Each structure stands twice: as structure tokens, then as C-alpha cells.
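Coordinate inspection notes
In case you want the letters, here they are:
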Amino acid sequence: MRFNKKNTGIFLAVLLLSGLSAQNTIAQSIKAEIVKTTSNATANSYYISNKAPLLNNHFIKLPVGSISPGGWLKQALILQKNGLTGNLGEISIWLSKNDNAWLNKSGIGKHGWEELPYWLKGYSNIGYMLNDDKMITETKFWINATLNNQRDNGDFGPLVEKGDGKRDLWTNMPMLWCLQSYYEYTKDSRVIDLMTKYFKWQLSIPDDKLLEDYWEKSRGGDNITSIYWLYNRTGEKWLLDLATKIDKNTANWRQTDNLPNWHNVNIAQCFREPATFYLQSHDKNDLAASYSNHQLIRNIYGQVPGGMFGGDENSRKGYDDPRQAVETCGLVEQMTSDQMMLGITGDTFWAENCEDVAFNTFSAAFTPDYKALRYLTAPNMVISDAKNHHPGIDNTGPFLMMNPFSSRCCQHNHAAGWVYYAENTWMATPDNGIAVQLYAEGEVKAKVGDGTGIILSQVTKYPFDDLVNITVKTPKTVNFPLYLRVPEWCKNPIVKVNNKEIPVNTNGSEYIKLSGSWKNGDKVALQLPMSLKVRTWDKNKSSVSVNYGPLTYSLKIEEDYIQKDSKQTAIGDSQWQPGADPRKWPSYEIHPKTAWNYGLVLNADQPEKSFSIVKKGWPKDNNPFTNGNAPIELKANGKLIPDWGIDQYGLAAVLPQSPVATEETTTTLTLVPMGGARLRISAFPVVK
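Residues numbered from 1 in each chain as written. Predicted model: local features only at pLDDT ≥ 70, side-chain atom pairs only at ≥ 80, totals over all residues. Heavy atoms only, no water.

It is worth spelling out the side chain of Q334 at this point. Mapping Q334 onto the fold places it in helix α14 (residues 328-345). Overall, the relative accessible area of 0% leaves Q334 in the buried class. A distance of 3.2 Å separates the side chain of Q334 from the side chain of R298, its partner in a polar contact. (Helix = DSSP H or I, 4+ residues; strand = E, 2+ residues; numbered from the N terminus. Buried < 20%, exposed > 50% of the residue type's maximum accessible area, 1.4 Å probe, protein only. Polar contact = N/O pair within 3.5 Å; in protein donor to acceptor, adjacent residues only side chain to side chain.)

Before going further, it helps to examine the nonpolar core. Grouped together as the largest cluster of nonpolar side chains are 200 residues, with contacts concentrated most on F199, W418, W426, I434, L482, L484 and L514. Among the elements that take part in this core, helix α4 (residues 115-130) stands out by supplying nine residues, more than any other. (Core = buried A, V, L, I, M, F, W, Y, C linked by side-chain atoms within 4.5 Å.)

Turning to the pattern of salt bridges, a few remarks are in order. Overall, the coordinates contain 29 salt bridges when judged by the stated rule. Measuring nitrogen to oxygen at the nearest pair gives 3.9 Å for the salt bridge that ties K513 to E33. In this pair, K513 sits in strand β15 (residues 510-518) while E33 sits in strand β1 (residues 31-35), placing the two residues 480 residues apart along the sequence. Since its relative accessible area comes to 40%, E33 is described here as partly exposed. Across the salt bridge formed by R167 and D155, the nearest N and O atoms sit 2.7 Å from each other. Note that R167 is positioned in the loop between α5 (133-148) and α6 (172-186) and D155 in the loop between α5 and α6, a separation of twelve residues in sequence. Among the residues examined, D155 registers a relative accessible area of 2% and is labelled buried. (Salt bridge = Lys/Arg side-chain N within 4 Å of Asp/Glu carboxyl O.)

The next point concerns the pairing of strand β19 (residues 551-555). Summarising burial for β19: five of the five residues are buried, a large majority. The pairing of strand β18 (residues 543-548) with β19 spans three bridges and is classified as antiparallel. Paired with Y548 across the two strands is L551, which belongs to β19. In textbook terms, the turn of a hairpin is the stretch between consecutive antiparallel strands, and for β18 and β19 this stretch comprises two residues, one of which, G549, has a positive phi near 65°. In terms of strand pairing, β19 meets strand β25 (residues 667-673) through three bridges, oriented antiparallel. (Pairing = 2+ DSSP bridges.)

Take the sheet that holds β15 next. Reading across the sheet, the six strands line up as β1-β15-β12-β8-β7-β2 and stay open at both edges, with mixed pairing between neighbours. Only two strands of the sheet have a single partner each, and these edge strands are β1 and β2 (60-61).

Turning next to the packing of α5 against α6. Axis separation between α5 and α6 bottoms out at 11 Å; the angle between their running directions is 120°. In this structure, α5 meets α6 at a crossing whose hand is left-handed. Seen from α5, the contacting residues are I136, K140, I143, T146 and L147; seen from α6, they are M175, C178, L179, Y182 and Y185. Grouping the amino acids of the contact of α5 with α6 by side-chain chemistry returns eight nonpolar, one polar and one charged. (Axes fitted to C-alpha atoms, helices over the stretch in contact; angles between N-to-C directions. Left-handed = near helix turned anticlockwise from the far one by under 90°. Contact = heavy atoms within 4.5 Å. Nonpolar A, V, L, I, M, F, W, Y, C, P; charged D, E, K, R; others polar.)

Moving on to the environment of Y128. Within the secondary structure, Y128 sits in helix α4. As a C-alpha pair, Y128 and S181 span 53 residues in sequence and 9.2 Å in three-dimensional space. What Y128 contacts, discounting residues up to four positions off in sequence, is V64, I136, T139, S181, Y182 and Y185.

Before going further, it helps to examine the sheet that holds strand β14 (residues 500-502). Judged by pairing direction, the sheet is antiparallel, and its seven strands sit side by side in the order β3-β9-β10-β11-β16-β13-β14 without closing on themselves. At either margin of the open sheet sits one strand with a lone partner, and together these are β3 (67-69) and β14. Adjacent strand axes in the sheet meet at a mean angle of 25° when their direction is disregarded. Taken together, the four bridges between strand β13 (residues 494-497) and strand β16 (residues 523-527) define a ladder with antiparallel strand orientation.

These values are about where atoms sit, not about what they do.
Right under this line is the structure:
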């Protein structure tokens, strides 16, 4: 056919129609079904899965480097890179390269314990994810030191001994995670060699000298995770013997109505240990134990919004009000546990909890520029200062202060929170498909179906918007299942493939499985309609919290940031390098400039109708987790409760029992997302 003006128009029309026809065909070829989770009867063909006799995971974490974040999540990582995380190596004495136990084979040095791997596991992965040459170079310095300084017997790291030949192995557990990420990014075989030699040495340790110290005994589950990681790559059966030995010597996380200890980080980190070992034992009681641990702490101390529980340093009987806080370390470890439990169980519950913690509590633990953090953050927190609030909180000292020199654990461990979250936004599935778990803007590169490498691009402002758009980039047509998680709170999602709606019927806490042949340019549009929900906390004075979709809302309190000298307000066990200039890293007290002691006036029959939604523009700096930037606010009616004030400990007094009588006049209140409120009332009394 020769082209001229007349038949060119006909050709273009035919081409256009054929394109539309192809889109309609592909939309029709995609079948939707609702599933509770994936089948783990088979293993993924392209990503390392659990070797027998380990049970297969329902979802498989993709290798480091597979996911590139965008939107607010990428901005959070950039803020961390430019903030405390990216500069901590030049500030913290624990990361000093002078007299550091991580930098010599003897493992002896003035500095060097958990702080280095705590920081490195987040810092390095942020570097990988952002392709930051400086961060990757710094990472290699510490990784090479670790690899090169393994001792002849197989041991490595700081030589911390507790007497009677008992070697403290806790500090090596997070470093193993750093090495695993490095291997996934580089395929450096030295990591396999080090871990093999180290685990053989661990196997030789007598039981009465293994995991005897408090921290390592609680946290042996992290050691088992690394053993399984290596086993899945080498298949050496003796590694399963070691996992059994580690489980035997780890603290008992299988007790009925009790926990080995009530330290908040230990609980958030270690409740998953039985579920991890369940992969090997196949004993459903092990799996049930992890669920029971999670439920127990929340039944007693977790009748509060924000996904966590009242731990302070340690949970204490009688201290269960929403003013009780949790460590930033505890937030990071809970999110990590949720991600791991999601893979093991396939249960959307864990994704829900991970979002709850991330959106509503974790983001509020930092100043908006991520240059300072506080050790403790609570659902109800109306002052953040350098005073000693003990025994109102369990800790003695300036533990509510926004300070770069926070306690040395959280100062370093906070780095992993957002980057681990980003790494688990997408997961591979046993049927050679892929699942979007934590909705966030960005791209994922993955092998699916027959092994074709594809890119899935996600555009969304979730959790501040209910629309998610996914575009498929593929070199050829490929058949694979795409799983879309439907949150518990979403009852009527809408799915379109190439603008054609596909009927789905789900009550939430499920997956929409889209199966069929996908071609380059296919588009999936998912709408997760959000609604208001008022939650009553019967065990905590019948207080209420307000949700819109995955976001919990707090009273908007005007925050007054008062700059302080970091050296004068630092927590005692944090130290800085001699060359560090604390003037560049100020600390802040945050005081309320407006009243906070309000109760809500609710419609008794339909409490959700007590609120109106106000949608605002997206922040220019791409950081929605601040009061001023909040893209969505709520309006409500409330009344002052004059008798509810600051108590003798300098904290918001314990919640009054609802309903509360007050003679104050009704006033209009503004509520903002809890995760952007550094001062907040999130569990409200209800007034008559």
C-alpha cells in the first residue's frame, strides 16, 4: 500500500482501532479473583526461596536493589541521607574509625558494639536504593573491614565476653543482615564464606555458653533468620542443626500469657521468633505463639492508636495510658517484624500493622528534616522536652527530647525504618507473580511468568490519596499473576485494566489476583475508597481515635520549637566525635502554643458523621508528614476539659473516663494526621 494524504488517514484510523482492540482484548484476558493469600505449595522459579524441609514463604522479599522509590517515600530517604543518618559517621563516637573494635581482627577497641551494624543496615541500604556513590563507598569500608577481620576460629566482630567463656553474640546479628544485603547487591562470595565459617564456629559452642546474655538470649531469632538465608543458598544440612540449637537456647517466646521480658524493643523484635522457627519445625503451635505474643502485649498495654503499645523502656503494670511511649528502635523493629511475618504467613494483618506504625507513629519520632529524633514517642504527647519525667515514663533522663544525640541505640537503628519499608513495598509470589503490599510511588524490577524481566511503575500519593496507578513495562507479552492487597478498612475497591473496570467483591484483608497475559504499556488503576471510622478503646477509659483510611488523626496543636544545646541535653550514653560540631546539630524542645486538653463531641448513633473532611494541596517539598503540610485535615467539635492537665511528672495526665462532663462551650477543632504531629492527642476523651 502506497501512502498518500487520503489513505494515510485511513491507515492511522485502522492503527488506532487496532490499538484500542488490543487494549480491550488484554483487558478481557485478565481475570480477577479474590484470594486470602497465595499458595505456598510451590517455590518461585527466579528468586531464592526456602529449601526443603523449610516451608515456603507466601511472599518472597526481592533482592536489594530491585525497588526504586519515588514520591514522599524517596523524599524521606533523601532527608535521611542529608540528615542524621547520612552524617552520623562523622558525628557519633561509636562510628569513629579510631580504636574501633570492628576495624581489627582482635575485636578489641574502645568503640564498637551494636551501634555500627544498627546504623549500617539502614545507611547501606539507603545508599543502594538511591545509588549514592558516597554512601556505597563508606559501606564498603565497613563491610570489607568485617570480612577481612574474621578470626581463624570463624568468630568475627567485637570480642565482647561476659565471663566464664560466654561470648556475647548479639552485636553480630545485625551485622549479618548488613552482609546479606551487601551480598544481594554485589554477589560478593566472601559473605558466603564468612557466614559458613562463623556458623560452624557457633555450632561448636556448648549450650551452657551459647546465648546467655540478656540481649542475645532475647534476640536469637535474628540469628536463625540469617542461618536460613545461608541455608537457602548453600543447602548444607548442618545449618538446620544450628538453627535448632539457637532456637533451644533463645529465650522462651512460647509462654502462655507471659513474655520472657517486657522490654519494648525485645518484644517488637522477638515476638516473631517462634514463627521463624515454624518454617523448620512445621509445628503450628510455633506459628500461633507469635500471634499470641503480639496479641498479649496489645491486650495489656496496646489499647491505643498508632500500631504500638505502651512500653517506654519496659512495659509496667498500671502504666497503660496513651501517654506511655515506645522507643524509636521499637518502631523500626516492629515494622521489620511485620514485614517478615507477612512473608511467612501471607496474612494481610501484618501489612496493616506495618502501615499503622509507619504512617502514624514512626514518622513523628523525628524533626521534619530528620536531623534529630527522640527516644520515646507516645500517642498522647503534649510536651517534648529535656526534663526527667520518671516515673511517669520508665526512663530517667531527657528521653522526650528531639536530639541528634539521642540514646545510642535509636540514634543509629532509626536508619533502617523507611528503607526496609521501601524494600517490602513489592514482594514476589510462589507462582512466579508479584504482589504490591505497601502502596508507595516508585518502580520495581522483577522476573515473572516465564522469567521475563519487567518493570512495574507505581504512581500514587497513598496514604493521603486513594488512587494507585500501575504501568507495566515489558519487552514482550508475558503471563503472570499480579496481586493487589486490599486493606482491612477498604470494602469496595475499584479495579480497571486499560480503563476497563473488572468487577471485584471483597470485604478487605484480601488480595485481588489479576491473572493473564500482560503487554507493554498495560495500565492498572486501583481505587481504595477511604472512609471515616471512629474506634473506641474500651479498656482505656472508653477513649476514641479517628481514622480516615490508614491514617489516624490527632488534635492539631501549634508546636513551638525551642532550640537547645545538644551537649547539654544529650542522653547519657550517646557520645560524639571530638571533631563534631554540636552547633550544626541542635536539639529541640517542642512546647504547645495552643490548648490540647479537649474532648470530642460525637454523634452517639453515627459517630463518623461528627467529622468533615478537608482536602488540601500536595506539599511542594514532598514531605506530607508535618502539620503545616498535611494534605488532609478533619474538622470536629469538641470541648475543653479544664481538669485534664499536666500532672506531677510533667506529662499529660491520665485520660479521664469517658463520657466526661464539662461546662465549656463547644468549639471547632482541626485534626491532622497523627504521623505529622510531633505533639498530639490521638486518643480522645468523649464529652457529654
